[in-house]
Amino acid sequence: AQIKNGDVQPILPGKVALFVDGAFIGTSEFGFVAPGETFSTFLGVHDRIKLERIIDRKRSTIERKGKTTKVTVAFNITAENLADEAATLDVADRVPVSQSEEIEVDDIKIPEGAKRDRDGIVKWTGTLAPKEKKTWRIEYRLEYETDLVERVKNQKSPAPMRQQKLYDEIEQLEHML
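Caption draft 1: Looking closely at the overall build of the chain. Broken down by element type, the chain carries two helices and 12 strands. The N-to-C order of helical and strand elements in the chain reads β-β-β-β-β-β-β-β-β-β-β-β-α-α. Its C-alpha atoms give the chain principal-axis dimensions of about 55 × 45 × 25 Å. Across the 177 residues of the chain, 31% fall into the buried class. In the chain, of all internal contacts separated by at least 6 residues, the share reaching a separation of at least 24 is 67%. Working note: accessible area of the chain is about 11,900 Å², and carbon and sulfur atoms make up 49% of it.

If you want it as structure tokens, here you go:
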């Protein structure tokens, strides 16, 4: 859901409990939201839409040449409408945004009509006919020095949190491939 903070007070960062029409639907974590600012949140599972996000192993590769590693990653996002009526979905995923000159993110491919913001959030709208299933693909390539993850793990002062998350994602991707 897209929500606007209509209060004169900001919403402070932290964990929140989500309720719709008085019914508890789950928990989430919000960042700082200024008065008047619009933000997104998850509102629970829809019982008539099935979503799946899996790595496309045929299009994903890891290539080490000399001191450089190139990782190409492709994800397939599939939505299936199990209902007897059409459904319109606002779909969001993300691509990495490098916070370090040591990591290059390029060759980004996103679904037709999708928009990517500066934080790497990719959003698009999809319409599914009754019982229809659609798949979209997100692809990107990371390039970095082969010993980067190991060097980061062994450094005395930790990397900033956003950078650390990217290093952790790189390590996970390498293990997946």
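Caption draft 2: Inspection of the sheet that holds strand β10 (residues 115-116) at higher detail. The strand order across the open sheet built from three strands is β8-β11-β10, with neighbouring strands paired in antiparallel fashion. Unpaired on one side and paired on the other, β8 (87-94) and β10 mark the two borders of the sheet. Examined bridge by bridge, β8 and strand β11 (residues 121-128) share eight bridges and lie antiparallel to one another. Across the sheet, the residue bridging to Ala92 is Lys123, located in β11.

Caption draft 3: Highlighting the environment of Asp168. Following the sequence through the fold, Asp168 ends up in helix α2 (residues 161-176). Separated by 50 residues in sequence, Asp168 and Arg118 place their C-alpha atoms 20 Å apart.

Caption draft 4: A look at the pattern of salt bridges. Under the counting rule described, the total for this entry stands at 11 salt bridges. When the shortest N-O distance is used, the salt bridge between Glu139 and Arg59 registers 3.8 Å. With Glu139 in strand β12 (residues 133-145) and Arg59 in the loop between β5 (49-55) and β6 (61-65), the pair connects residues that are 80 residues apart, well separated along the chain. Taking the relative accessible area as the measure of exposure, Glu139 reaches 11% and is therefore buried. Looking at Arg59, the relative accessible area reads 40%, which means it is partly exposed. For Lys109, the salt bridge goes to Glu139, with nearest N and O atoms at 3.9 Å. Taken together, the residues Lys109 in strand β9 (residues 103-109) and Glu139 in strand β12 connect sequence positions 30 residues apart.

Caption draft 5: How the structure looks around unusual backbone geometry. In this model, Asp107 sits at a positive phi of 55°, which is unusual for a non-glycine residue. Structurally, Asp107 is set in strand β9. What makes Asp107 partly exposed here is its relative accessible area of 44%. With phi around 65°, Lys131 is a residue other than glycine that occupies positive phi space. Residue position: Lys131 is located in the loop between β11 and β12.

What counts and how
Residues numbered from 1 in each chain as written. Predicted model: local features only at pLDDT ≥ 70, side-chain atom pairs only at ≥ 80, totals over all residues. Heavy atoms only, no water. Helix = DSSP H or I, 4+ residues; strand = E, 2+ residues; numbered from the N terminus. Buried < 20%, exposed > 50% of the residue type's maximum accessible area, 1.4 Å probe, protein only. Contact = heavy atoms within 4.5 Å. Areas by Shrake-Rupley, 256 points an atom, 1.4 Å probe, with all protein chains shown as cover. Pairing = 2+ DSSP bridges. Salt bridge = Lys/Arg side-chain N within 4 Å of Asp/Glu carboxyl O.

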